[in-house]
Amino acid sequence: MTRLVLSALGSGTREGGVLRWLLPLLPVLVLLLIFFLLPLGELLRMSLLATRPMPRTPDPDVTLANYVAVFADPLHAEMAVNSLLVGLATVIFTLLIAYPVAIYLTRCGSWERTFISVACLLPIFVNLIVGILGWYILLLPFGVLQQALQWAGLIDGPLRLLRSFPALVLVLTYEHLPFAVLILASAVQNVPQDRINAARLLGASNLRIFRTVMLPLTMPGIVASAILVFSLSVSSYLIPILIGAQRVPVIPMAIFSYGTEQMNWPMGAALAFVLLVSVALITYGFTVLAGRLTRRGQWEVT
Amino acid sequence: MNRFTRLAAAAGCVALVTLDAGIAAAQQACTQMQVYLSIFPRHREDVMEVIAPQLRERHNVELVAEAIGSANMVERIAAQGGNARVSIAHWDLPVGIQACDQGLCKPIDPARAPNTQRLFDWATSRDAQSRPVVLATNVIGVGIIYRDDELRRRNIAPPTSWADLRRPEFRGRVAITAPQSTWGTAALVMLARQNGGGEQNIDPGFAATRALQPSLHSIFTWTSELSNLWQLGEVWVAVTGNNMAPTLTAAGVSTRFAMPTEGAPVVPGGVSLVNGGPCEAAAYDYLNVYYSDDFQLRRMRGGGVASPSRTTWERVTDAERAGVNLTPADFDKLVNLNWSAINSVRPQWIQRWQREIR
């Protein structure tokens, strides 16, 4: 067998070319198969089983009832809308903050760059739970922030900051900002300075340079950041359950509830599969749209 | 793949197969007995320090104890099908009753573990044929805990009734447990019972919760969240298990448990023999030692849990009674709920809660 593979690799045949291309990918493909595709297949299989009172009851019926229930339930629709809005709002706020930071990062001095980089990376180094609990304590009805506002006479009685949509978007933005800054800084760094100089010499304003030079040339970074932040935000469980809780219900909370609290694994699997496919479609749609907006994916200024 | 890698892979496979066969053979010959324990302070330590050596001496059985959540136990035991490897499961009583209804337990013969006959009557749950299937391992009443120091400082009378949760002086300082937790389910049924409903008619419970919402600071599922809010001074009054009062007091916050005048639902931990599990003789001996007065006293002193054994309480000092905060004098105020009826509709209640209580 080994001899066969080696001879195929050595020959200049089409099979040999495919094998030479496949061999280095083999470890990754095997890992993907074992740890992603097989569990995904199991998830799909489980989502097609009838709901039974006990997990893994033998010989359950195959049915689409779980998917019908997923789409028929108004709560799931509300959760899907919440997830989508939370994801989009987080992407918008993350990009609005990360883009200027990325531009400044590529133009400032070395000590400033170090300082900003460390500040941006800090949320990654801090344990996720610790970071969320920090926000949680800050936003509590009788917490530090509200006490300070009350002391300053700006509010009369506690506001509902925790368990609100803005608070959830705020914390998700804080947690995912470092990823966007890192990706965008790399994209901005790769914009050729001579293009910007040329535009300036031709009399373009800063706004026009940004719109016609910077934006198209950094679009791959923007798209990559947006996809990453959107996927992380939509599939996040810990931050929504601690910050938004029952007032901002999102899909991952329902998946967890079906799996562990209601012992209804098939419904949880169906919901998880719907979320996975939705995120994949939205991500693909976003990539296609971004490609069209930036001259059919040429990513170049003509 | 070179020769060394091939040899290593083959050795690994052989080792895995041998290990698995070894475990299976050990269980078949009953030289090893697996027990699932509930996650509770000092539970595993007490079992391994006291019961394991006795089983080793009398039965030549090595005890393997693992502390995991109740739902996880059910999932694992169900997955083992008719070839159960676990002999004993310590699960939440309601979860245990549901698992036994599904045929995961074998009936317990009290004559083979005489110490189990010392339990209070309510501590034994039976199947449809009136055979004991789940025995309570502790006594936990779901009632109201309150911040003793804060209430004293503000000259506020402590709560004494479920209706007190709506008192205006507690507005914004009350936390309740969601029905996703067993304690929350028990509290919801209790609120329903106070308002003309019960296990068969939960509507009044939901109505009472909605009426309570303006007073609520938080709805929590995990006691860790309550613990945070409690220690930060955000919440003064909470619906939870009585054992949280000594736990929070030990954390430095003066906390007391109030047994509501209308009664508190009892939600104990439970223990069952797993259907088809090996080592039956050793498993009965385990139960017998577990319910011995010495072991129960150790659990009360070290773990702060009230014992469901009648004779154990005769050996408890007054100081120890005060530390436990739920004594046999309170047991007649504990309300036994119909968990079989609750379990059949609990998922619907959770779904309804997610839709209605925000």
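Residues numbered from 1 in each chain as written. Chains lettered and ligands numbered in written order. Predicted model: local features only at pLDDT ≥ 70, side-chain atom pairs only at ≥ 80, totals over all residues. Heavy atoms only, no water.

1. So, the overall build of chain B
Inference 1: Across its full length, chain B carries 14 helices and 14 strands.
Inference 2: Rg of the C-alpha trace for chain B: 23 Å, near the compact-globule value of 21 Å for 358 residues, within the 12% margin.
Inference 3: Based on the C-alpha atoms only, the size of chain B along its principal axes is roughly 75 × 55 × 45 Å.
Inference 4: Looking at chain B as a whole, 56% of its 358 residues qualify as buried.
Inference 5: Taking the contacts inside chain B whose residues are at least 6 apart along the sequence as the reference set, 74% of them involve residues at least 24 apart. (Helix = DSSP H or I, 4+ residues; strand = E, 2+ residues; numbered from the N terminus. Rg over C-alpha atoms; globule rule 2.2 N^0.38 Å. Buried < 20%, exposed > 50% of the residue type's maximum accessible area, 1.4 Å probe, protein only. Contact = heavy atoms within 4.5 Å.)

2. So, the overall build of chain A
Inference 1: Each helix and strand counted, chain A has 14 helices and zero strands in total.
Inference 2: Its helices and strands in sequence order give chain A the pattern α-α-α-α-α-α-α-α-α-α-α-α-α-α, from N to C terminus.
Inference 3: Sequence separation of 24 or more characterises 67% of the internal contacts of chain A that already satisfy a separation of 6 or more.
Inference 4: With the model as given, the accessible surface of chain A reaches about 17100 Å², and the carbon-plus-sulfur share is 72%. (Areas by Shrake-Rupley, 256 points an atom, 1.4 Å probe, with all protein chains shown as cover.)

3. Some details on the interface of chain A and chain B
Inference 1: The interface of chain A with chain B comprises 28 residues on the first partner and 27 residues on the second.
Inference 2: Note on chain A versus chain B: buried area summed over both sides is about 2400 Å², and carbon and sulfur give 57% of it.
Inference 3: Taken together, the connections running from chain A to chain B amount to three salt bridges.
Inference 4: Summed over the shared surface of chain A and chain B, the result is nine residue pairs in polar contact (both at pLDDT 80 or more).
Inference 5: Counting residues per element, the ones that place at least two in the side of chain A that touches chain B are α5 (74-107), α7 (128-139) and α13 (251-261) of chain A.
Inference 6: The biggest single contributor to the side of chain A that touches chain B is α13(A), with five residues.
Inference 7: Of the residues that constitute the side of chain A that touches chain B, the class distribution is 17 nonpolar, five polar and six charged. (Buried area = accessible area lost by both parts, 1.4 Å probe. Salt bridge = Lys/Arg side-chain N within 4 Å of Asp/Glu carboxyl O. Polar contact = N/O pair within 3.5 Å; in protein donor to acceptor, adjacent residues only side chain to side chain. Nonpolar A, V, L, I, M, F, W, Y, C, P; charged D, E, K, R; others polar.)

4. Notes on the side chain of Ser83(A)
All names here are of chain A.
Inference 1: Following the sequence through the fold, Ser83 ends up in helix α5.
Inference 2: One polar contact links the side chain of Ser83 to the main-chain amide nitrogen of Ile251, over a distance of 3.1 Å.
Inference 3: Setting aside residues no more than four positions away along its own chain, Ser83 makes contact with Val234, Val250, Ile251 and Pro252.

5. As for the pattern of salt bridges
Residues and elements named next belong to chain B.
Inference 1: Inspection of every chain in the model, using the stated rule, returns 29 salt bridges over all chains.
Inference 2: A salt bridge links Glu62 to Arg56, with the shortest nitrogen-to-oxygen separation between them at 3.1 Å.
Inference 3: You can call Glu62 partly exposed: its relative accessible area is 35%.
Inference 4: With a shortest N-O distance of 3.0 Å, Arg76 and Glu66 are connected by a salt bridge. One end of the pair, Arg76, is in helix α3 (residues 70-79); the other, Glu66, is in strand β2 (residues 62-67), and ten residues separate them in sequence.
Inference 5: Take Arg76: its relative accessible area is 27%, and that puts it in the partly exposed class.
Inference 6: Take Glu66: its relative accessible area is 32%, and that puts it in the partly exposed class.

6. Focus on the nonpolar core
Inference 1: One finds Ile243(A), Trp91(B) and Ile145(B) to be the most contacted residues of the largest nonpolar core, which totals 102 residues.
Inference 2: Top element by residues in this core is helix α6 (residues 182-194) of chain B. It accounts for eight residues.
Inference 3: Contact partners of Trp91(B), with chain neighbours within four places excluded, come to Ser70(B), Met73(B), Val74(B), Ile77(B), Gly96(B), Ala99(B), Cys105(B), Val134(B), Gly269(B), Gly270(B) and Ser272(B).
Inference 4: Core analysis: the next-biggest nonpolar cluster, separate from the first, contains 43 residues, Ala98(A), Ala180(A), Ile209(A) and Val234(A) among them. (Core = buried A, V, L, I, M, F, W, Y, C linked by side-chain atoms within 4.5 Å.)

7. Quick word on helix α2 (residues 43-59) of chain B
Inference 1: Taking 1.5 Å as the rise per residue, α2(B) with 17 residues should run 24 Å; its terminal C-alpha atoms sit 22 Å apart, in good agreement.
Inference 2: In the structure, α2(B) departs most strongly from a straight axis at Ile51(B), where the bend amounts to approximately 35° and where the proline Pro53(B) lies between one and four residues downstream. (Expected span 1.5 Å × (residues − 1). Bend = angle between axes of the 7 residues up to and from the residue.)

8. Some thoughts on the sheet that holds strand β11 (residues 255-258) of chain B
Residue and element names in this part refer to chain B.
Inference 1: Read across the open sheet, the five strands follow the order β9-β8-β10-β7-β11; overall the sheet is mixed. On the outer flanks of this sheet lie β9 (216-220) and β11, each paired with one strand and no other. For this sheet the average axis-to-axis angle between neighbouring strands, irrespective of direction, equals 30°. (Pairing = 2+ DSSP bridges. Axes fitted to C-alpha atoms, helices over the stretch in contact; angles between N-to-C directions.)

9. So, the domain arrangement of chain A
Residue and element names in this part refer to chain A.
Inference 1: What the domain assignment reports for chain A is domain 1 (1-47) and domain 2 (64-293).
Inference 2: Of note, the centres of domain 1 and domain 2, computed from C-alpha atoms alone, are 35 Å apart.
Inference 3: At the interface, five residues of domain 1 touch nine residues of domain 2.
Inference 4: Across the interface of domain 1 and domain 2, roughly 640 Å² is buried in total on both sides, 79% from carbon and sulfur atoms.
Inference 5: Three residues stand out in domain 1 for area buried against domain 2, namely Leu43, Met46 and Ser47, and they jointly supply 73% of the buried area on that side.
Inference 6: Applying the counting rule to domain 1 against domain 2 returns zero salt bridges. (Domains from an automatic or database assignment.)

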